[in-house]
2 protein chains.
Amino acid sequence: MGVSEAVAAAHPNIALIKYWGDRDHALRIPANGSISLTLGGLKTQTRVGFDPELKQDRLTINQAPGEATARQRVTEHLDLIRVMAGIQFGAIVDSETDFPIGAGLASSAAAFAALTLAGCAAAGLELGRSELSALARRGSGSAARSIFGGFVELVAGDDDSATFAKPLATAEHWPIVDLIVLTDPMPKPISSTAGHSRAETSPLQAARVSDAPRRLQACREAVLARDFGRLAEVVEQDSDMLHAVMMTSKPALHYWQPGSLAVMAEVRTLRAQGIAACYTVDAGPNVHCLCLPETEPSLRQGLARLPFDLRILRAVPGPGAWLV
Amino acid sequence: MGVSEAVAAAHPNIALIKYWGDRDHALRIPANGSISLTLGGLKTQTRVGFDPELKQDRLTINQAPGEATARQRVTEHLDLIRVMAGIQFGAIVDSETDFPIGAGLASSAAAFAALTLAGCAAAGLELGRSELSALARRGSGSAARSIFGGFVELVAGDDDSATFAKPLATAEHWPIVDLIVLTDPMPKPISSTAGHSRAETSPLQAARVSDAPRRLQACREAVLARDFGRLAEVVEQDSDMLHAVMMTSKPALHYWQPGSLAVMAEVRTLRAQGIAACYTVDAGPNVHCLCLPETEPSLRQGLARLPFDLRILRAVPGPGAWLV
């Protein structure tokens, strides 16, 4: 077998109902289900080339050599693919991402979805989308969702093979706009992977997890009915519950910045004025402000009024991971 | 019986372990116990004069006529005293407070502690401190604690008469300094009384309450051992748990302002550098920054660096309510 290579691309996603904490940390089986929107507009593209000449994997991220922790995580993920494909040599992995990495923008979701799809294609493995999703999950829990487009649900299954994402509604179903407000483009101090393992130290985590079916159901219904008001209520509550658990973990994790709080307050003020807008914040300081195409101008005006230096990225529902 | 009057004063207090939500809302029997520090440096002084000529109570607050809701709350509280004393006429109540009212600085705690003590004295009732504390609680849950000085615990009893505060350690036991950072001196949008009734709508409240005995025990031990590091950890976690419940209530209550968050982050940064400091935030945007006399200069320097317009009040452990 000579060099076999493939290129795949994937969008990150924003969780509307968030997963935090693992039932099985090694296998990344989440403590609760989650629902997300795949974010067209932001993209990671990854080339994987297996090469019998290579004893070790080689990784570049945005044309720079990957750091040791990233290299190890990629190698462990490729090992899963190598075992399935019976490959015993290394790969060259080149990944390019067009949005800030490690800043709470789910860069690992896009990265591991693209790596999974490209890696399997390069290895000659023909997997269905559910299998690709379960495999992507092993690299990054939220990557399982980026395999699919539009609105996606990741079910918290009982074991590895039962824990994969599935489509809830297509990208065309509801043209939600996500204005991603970057309040702090620096890499975050604690990675999501490290954070997940702290979830159980919060006295609030069990309550958050046991309440998850209610939130998932409310979100599902709101998405399917295109009911923005209902979506807003459950999405903001779910986000605040995530941060409640993180803040009360031991040691505590505080991701919100003053600018994040100002954006959140402005979004609530706008919604109280009848403007369809809501916020959700992942494990980072950036605030995802969801709105509808017709309320985007009002939301942008409100954000522009804030006395903080904010940069805004824009995303709309996008497709699942694809081979390039 | 002619005019009978008395003057009493009381300090507010800052809860180190906070009470939020009632087991019995009408009787203000709290859902969980609490521990506080009585704040010498801030004061409410109240004159109560019962007068057979009066059919209705008359109230002034800082020399201005009290508003209808304040008048009603004072009258309901005096009614309890009138029933106990067999009085059937009104009172003149003049209250003066030397710190911002209704801004999350526990003004109602000082107000109802002073009102209870002055009202009982004016009515000729001779109650013990425990009875005064239980009675003050009916006016404002946290007022039960301001009857006592220093470090105080309010036990969540099974009924009215069993729910009163008791001293945990004297004001002289540990010279904690409280720098109260006013990030927003405006009256808060939702009173604590209204907020308490929302506690049960948060999916996190039950977990907060059931975890309270652990936090109370940790706080008790830290206070008695004068262990600032241990105190800091449980006090900040307890404060964040309170705000977690408030933020996830329905409708949600968001008290933190961007400036609050900046102060909280600065305090954590200072503590990570070895400076004894921690924060706690009541139902308002102001941040109580606790420190020791020797770390007060470092804390003040850190706060002065923040790009927010902050006003600082200073408090130290003070005595319980007293007759003037």
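Residues numbered from 1 in each chain as written. Chains lettered and ligands numbered in written order. Predicted model: local features only at pLDDT ≥ 70, side-chain atom pairs only at ≥ 80, totals over all residues. Heavy atoms only, no water.

Enquirer: Even after reading the chapter, I still don't get the sheet that holds strand β8 (residues 64-65) of chain B, so can you show me in this structure?
Expert: Whenever strands of a sheet pair, they do so through backbone hydrogen bonds, lying parallel or antiparallel. All names here are of chain B. With respect to topology, six strands assemble into an open sheet ordered β8-β7-β9-β6-β1-β16, the strand pairing being mixed. The open sheet terminates on both sides in strands that have one partner only, identified here as β8 and β16 (322-323). One ladder, built from seven bridges, connects strand β6 (residues 44-50) with strand β9 (residues 91-97); its direction is antiparallel. Paired with G49 across the bridge in β9 is I92. (Pairing = 2+ DSSP bridges. Helix = DSSP H or I, 4+ residues; strand = E, 2+ residues; numbered from the N terminus.)

Enquirer: Sorry if this is basic, but what is going on with the packing of helix α7 (residues 212-224) of chain A against helix α8 (residues 228-247) of chain A here?
Expert: For any two helices packed against each other, one specifies the inter-axial angle together with the distance between the axes. All names here are of chain A. Interhelical geometry of α7 versus α8 gives an angle of 145° and a closest axis separation of 9 Å. As for how α7 packs across α8, the hand of that crossing is left-handed. Residues R214, R215, A218, C219, E221, A222 and V223 of α7 lie in contact with α8, whose contacting residues are R230, L231, V234, Q237, D238 and M241. The residue inventory of the contact of α7 with α8, partitioned by class, reads seven nonpolar, one polar and five charged. (Axes fitted to C-alpha atoms, helices over the stretch in contact; angles between N-to-C directions. Left-handed = near helix turned anticlockwise from the far one by under 90°. Contact = heavy atoms within 4.5 Å. Nonpolar A, V, L, I, M, F, W, Y, C, P; charged D, E, K, R; others polar.)

Enquirer: I would appreciate a short explanation of the interface of chain A and chain B in the present structure.
Expert: A common way to report how large an interface is uses the accessible area buried once the components associate. Across the boundary between the two partners, chain A contributes 23 residues, which contact 23 residues of chain B. Taken together, both faces of the contact between chain A and chain B bury some 1900 Å²; the carbon and sulfur share is 74%. Looking at the side of chain A facing chain B, the largest losses of area belong to P203, L204 and L261 of chain A, adding up to 24% of the total buried there. Along the contact surface separating chain A from chain B lie two salt bridges. One salt bridge connects E233 of chain B with K250 of chain A, and the closest N-O pair in it is separated by 3.0 Å. Summed over the shared surface of chain A and chain B, the number is six residue pairs in polar contact (both at pLDDT 80 or more). Taken together, the elements giving at least two residues each to the side of chain A that touches chain B come down to α6 (205-210), α8 and α9 (258-272) of chain A. (Buried area = accessible area lost by both parts, 1.4 Å probe. Salt bridge = Lys/Arg side-chain N within 4 Å of Asp/Glu carboxyl O. Polar contact = N/O pair within 3.5 Å; in protein donor to acceptor, adjacent residues only side chain to side chain.)

Enquirer: Is there a simple way to explain unusual backbone geometry in this structure?
Expert: The general pattern is negative phi for most residues beyond glycine and trans for most peptide bonds. In this structure, P251 of chain A follows K250 of chain A across a cis peptide bond, with omega equal to -5°. Here the phi dihedral of Q63 of chain A falls at roughly 70°; this positive angle occurs in a residue that is not glycine. Mapped onto the fold, Q63 of chain A is located in the loop between β7 (58-61) and β8 (64-65). The class of Q63 of chain A is exposed, set by a relative accessible area of 67%. Even without a glycine there, the phi angle at R226 of chain B is positive, about 50°. Tracing the chain through its elements places R226 of chain B in the loop between α7 (212-225) and α8 (228-247). (Buried < 20%, exposed > 50% of the residue type's maximum accessible area, 1.4 Å probe, protein only.)

Enquirer: I keep staring at the packing of aromatic side chains and nothing clicks. Help me out?
Expert: What the rule picks out here adds up to five aromatic pairs over all chains. With centroids separated by 6.2 Å and ring planes inclined at 75°, the aromatic side chains of W174 of chain B and F228 of chain B adopt a geometry described as edge-to-face. Taken together, the residues W174 of chain B in the loop between β11 (165-169) and β12 (177-182) and F228 of chain B in helix α8 connect sequence positions 54 residues apart. Each member of the pair, W174 of chain B as well as F228 of chain B, carries the same accessibility label: buried. Among the aromatic residues, ring-to-ring pairing joins F151, W174 and F228 of chain A into one connected group. (Phe/Tyr/Trp six-rings, centres within 6.5 Å; stacked < 30°, edge-to-face > 60°.)

Enquirer: Explanation requested: the relation of the copies chain A and chain B in the structure shown.
Expert: One chain copy maps onto the other through a rotation about an axis and a shift parallel to that axis. Expressed as a screw transformation, the operator carrying chain A onto chain B has a rotation angle of 180° and an axial translation of 0.0 Å, and the superposed copies differ by an RMSD of 0.0 Å. Taken together, the rotation angle and the small translation identify this as a two-fold axis. Considering only C-alpha atoms, the residue of chain A closest to the rotation axis is P258 of chain A, which sits at 2.1 Å. Looking at the interface residues of chain A, 100% of them are also at the interface in chain B, so both copies use one shared face. (Least-squares fit on C-alpha atoms with pLDDT ≥ 70 in both.)

Enquirer: Please explain the nonpolar core as it appears in this structure.
Expert: Soluble globular proteins tend to pack their nonpolar side chains together in the buried interior. One finds W256, C289 and L299 of chain A together with W256, C289 and L299 of chain B to be the most contacted residues of the largest nonpolar core, which totals 42 residues. Every residue in contact with C289 of chain A, bar those within four places of it in the chain, is listed here: V177, D178, L179, V181, V263, V267, C278, L299 and L303 of chain A. (Core = buried A, V, L, I, M, F, W, Y, C linked by side-chain atoms within 4.5 Å.)

Enquirer: Is there a simple way to explain the domain arrangement of chain A in this structure?
Expert: Residue and element names in this part refer to chain A. As assigned here, chain A comprises domain 1 (4-172) and domain 2 (177-317). Once you take the C-alpha centre of each, domain 1 and domain 2 turn out to be 23 Å apart. Each partner contributes residues to the interface: domain 1 has 35 residues there, and domain 2 has 48 residues. The tally of links between domain 1 and domain 2 comes to two salt bridges. Of the charged contacts, one joins D282 and K18 as a salt bridge, the two residues approaching to 2.6 Å between their closest N and O atoms. At the junction of domain 1 with domain 2, the criterion picks out 10 residue pairs in polar contact (both at pLDDT 80 or more). At the level of secondary structure, the elements contributing two or more residues to the side of domain 1 that touches domain 2 comprise β2 (13-17), β5 (34-40), β10 (151-154) and β11 (165-169). Among the elements that line the side of domain 1 that touches domain 2, the one with the most residues is β5, at six residues. Split by residue class, the side of domain 1 that touches domain 2 holds 19 nonpolar, 11 polar and five charged. (Domains from an automatic or database assignment.)

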